[in-house]
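Here are the chains, one letter per residue:
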Amino acid sequence: MDWMGFLGDNWFALAQSLGIIGGLAYNAVALRKDVQARRTADQILLTEQHRELWSEVHRRPELMRLLDPDADPDSQPLTPIEEHYLRLVFVHFHTGWLITQSGQSLIPVGVLATDAGHFFKLPAPAALWAEVRKMHQPEFVTFVDRAVAAATWVTPRPTVPAATTESAATPQTSPHR
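Remember, it's a predicted structure, so these values are computed and weren't measured experimentally. (Residues numbered from 1 in each chain as written. Predicted model: local features only at pLDDT ≥ 70, side-chain atom pairs only at ≥ 80, totals over all residues. Heavy atoms only, no water.)

(A) Geometry of the overall build of the chain. Each helix and strand counted, the chain has 5 helices and 0 strands in total. For the chain, the sequential pattern of α-helices and β-strands runs α-α-α-α-α. Here the analysis covers contacts within the chain between residues at least 6 apart in sequence; of these, 67% occur between residues at least 24 apart. For the chain, the exposed area adds up to about 11,300 Å²; of that, 62% sits on carbon and sulfur atoms. (Helix = DSSP H or I, 4+ residues; strand = E, 2+ residues; numbered from the N terminus. Contact = heavy atoms within 4.5 Å. Areas by Shrake-Rupley, 256 points an atom, 1.4 Å probe, with all protein chains shown as cover.)

If you want it as C-alpha cells, here you go:
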C-alpha cells in the first residue's frame, strides 16, 4: 500500500490523533505557565507578609526586644503582645518552609534556613519556640532545629527609637530584609 492510499483511507484518524497531541502539548505549555504565575504570586504574597511583619517591629518599639540578642525572657517574661507577634512570625516561617518544600518558592531553602536560624536563635523567639514547637509539623521542627544549629551569626543589637523627633532621622538596625 502506498502512502497516498494510506492517507486517503486514514486521514480522519490521523487528523484526530494530531489534534489530540496538539491539545495535550498546548495544555502542557499552559499548565507550565500557570505554575510559574502561581509561583510568582505566592512569592509576592510572602514578600508582602514579610515586609508587613518586620515593619511592625519598627512601628511598635515594644517589639524591639524580640530582636535583642541580650534579651532575657527568663527575668522579664514575654508580654502577650510579644507572644502574639512571635506566633505570627512562626507561622510566616512555616508558610515559607511549606512553599519551599512544595518546590514553588523562588527563594532557595538555604536562604530560608539561614534567616530561620538567625531568628530562632535569638533569646525571645527561642523561649517561645521551646513552648510551642510541639504544635508544629515534626518536619518543620527538624528544619528549625537544623537551621538554629547551623546559625553562627549573631544578630546585631537593635536600636530602640527614642521618644524624641531625632529618632526619625536615626536608621534602625534589623537583620531582616
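(B) Layout of the packing of aromatic side chains. In total, this model carries 13 aromatic pairs according to the counting rule given. Taking 5.4 Å as the distance between ring centres and 80 degrees as the angle between the ring planes, the aromatic pair formed by Phe90 and Trp129 counts as edge-to-face. Placement of Phe90 in helix α2 (residues 80-101) and of Trp129 in helix α4 (residues 123-132) is noted, with a sequence separation of 39 residues between them. Just as Phe90 is buried, Trp129 falls in that class too. Judged by centre distance (5.7 Å) and plane angle (90 degrees), the ring pair of Phe119 and Phe120 falls under edge-to-face. Residue Phe119 is classed as buried on the basis of its relative accessible area, which comes to 1%. A network of ring pairs unites the aromatic residues Trp54, Tyr85, Phe90, Phe93, Trp97, Phe119, Phe120, Trp129, Phe140 and Phe143 as a single cluster. (Phe/Tyr/Trp six-rings, centres within 6.5 Å; stacked < 30°, edge-to-face > 60°. Buried < 20%, exposed > 50% of the residue type's maximum accessible area, 1.4 Å probe, protein only.)

(C) Quick look at the packing of helix α1 (residues 3-59) against α2. In contact at an axis separation of 11 Å, α1 and α2 are set at 160 degrees when each is read in the N-to-C sense. Here α1 is positioned roughly antiparallel relative to α2, judged by the angle of their axes. Two packed elements cross with a definite hand, and for α1 against α2 that hand is left-handed. Contacts between α1 and α2 involve Asp42, Leu46, Gln49, His50, Leu53, Trp54, Glu56 and Val57 from the first element and Tyr85, Leu88, Val89, His92, Thr95, Gly96 and Ile99 from the second. Across the contact of α1 with α2, the residue classes tally to 8 nonpolar, 5 polar and 2 charged. (Axes fitted to C-alpha atoms, helices over the stretch in contact; angles between N-to-C directions. Parallel < 35°, antiparallel > 145°, perpendicular 65-115°, else oblique. Left-handed = near helix turned anticlockwise from the far one by under 90°. Nonpolar A, V, L, I, M, F, W, Y, C, P; charged D, E, K, R; others polar.)

(D) Looking closely at the pattern of salt bridges. In total, this model carries 8 salt bridges according to the counting rule given. A salt bridge links Arg60 to Glu62; the shortest N-O distance between them is 3.1 Å. Ionic pairing is found between Glu83 and Arg87, a salt bridge with its closest N-O pair at 3.8 Å. Linking Glu83 with Arg87, this pair stays in helix α2, spanning 4 residues, or about one helical turn. Note on Glu83: relative accessible area 25%, which makes it partly exposed. Members of the salt-bridge network, linked through shared partners, are Glu52, Glu56, Arg59, Arg60 and Glu62. (Salt bridge = Lys/Arg side-chain N within 4 Å of Asp/Glu carboxyl O.)

(E) Fine view of the packing of α2 against helix α3 (residues 109-120). Between α2 and α3, the least distance of the axes is 10 Å, while the angle of their chain directions is 160 degrees. The angle between α2 and α3 falls in the class roughly antiparallel. Where α2 crosses over α3, the two elements pack in a sense that is left-handed. For the pair formed by α2 and α3, the contact residues are Leu86, Val89, Phe90, Phe93, Gly96, Trp97, Thr100 and Gln101 on the first element and Val109, Leu112, Asp115, Ala116, Phe119 and Phe120 on the second. Of the residues contributing to the contact of α2 with α3, the split by class is 10 nonpolar, 3 polar and 1 charged.

(F) Helix α5 (residues 138-150), seen in detail. Under the 1.5 Å per step criterion, the end-to-end length of α5 is 18 Å for 13 residues, consistent within 8% with the ideal 18 Å. Taken residue by residue, α5 has Phe140, Val141, Phe143, Val144 and Ala147 as its buried positions. Mapping the buried residues of α5 onto a view down its axis gives an arc of 155 degrees, with all of them on the same face. What points out from α5, more than 90 degrees from its buried face, is the exposed set Pro138, Arg146, Ala149 and Ala150. Those residues of α5 that are buried lie in contact with α2, α3 and α4. (Expected span 1.5 Å × (residues − 1). Arc of directions from axis to C-beta.)

(G) Structural view of the nonpolar core. Residues Tyr85, Phe90, Phe93, Phe119, Phe120 and Trp129 are the most contacted members of the largest nonpolar core, which totals 28 residues. Those elements that place two or more of their residues in this core are α1, α2, α3, α4 and α5. Ranked by the residues each element gives to this core, the list is headed by α2, at 6 residues. (Core = buried A, V, L, I, M, F, W, Y, C linked by side-chain atoms within 4.5 Å.)

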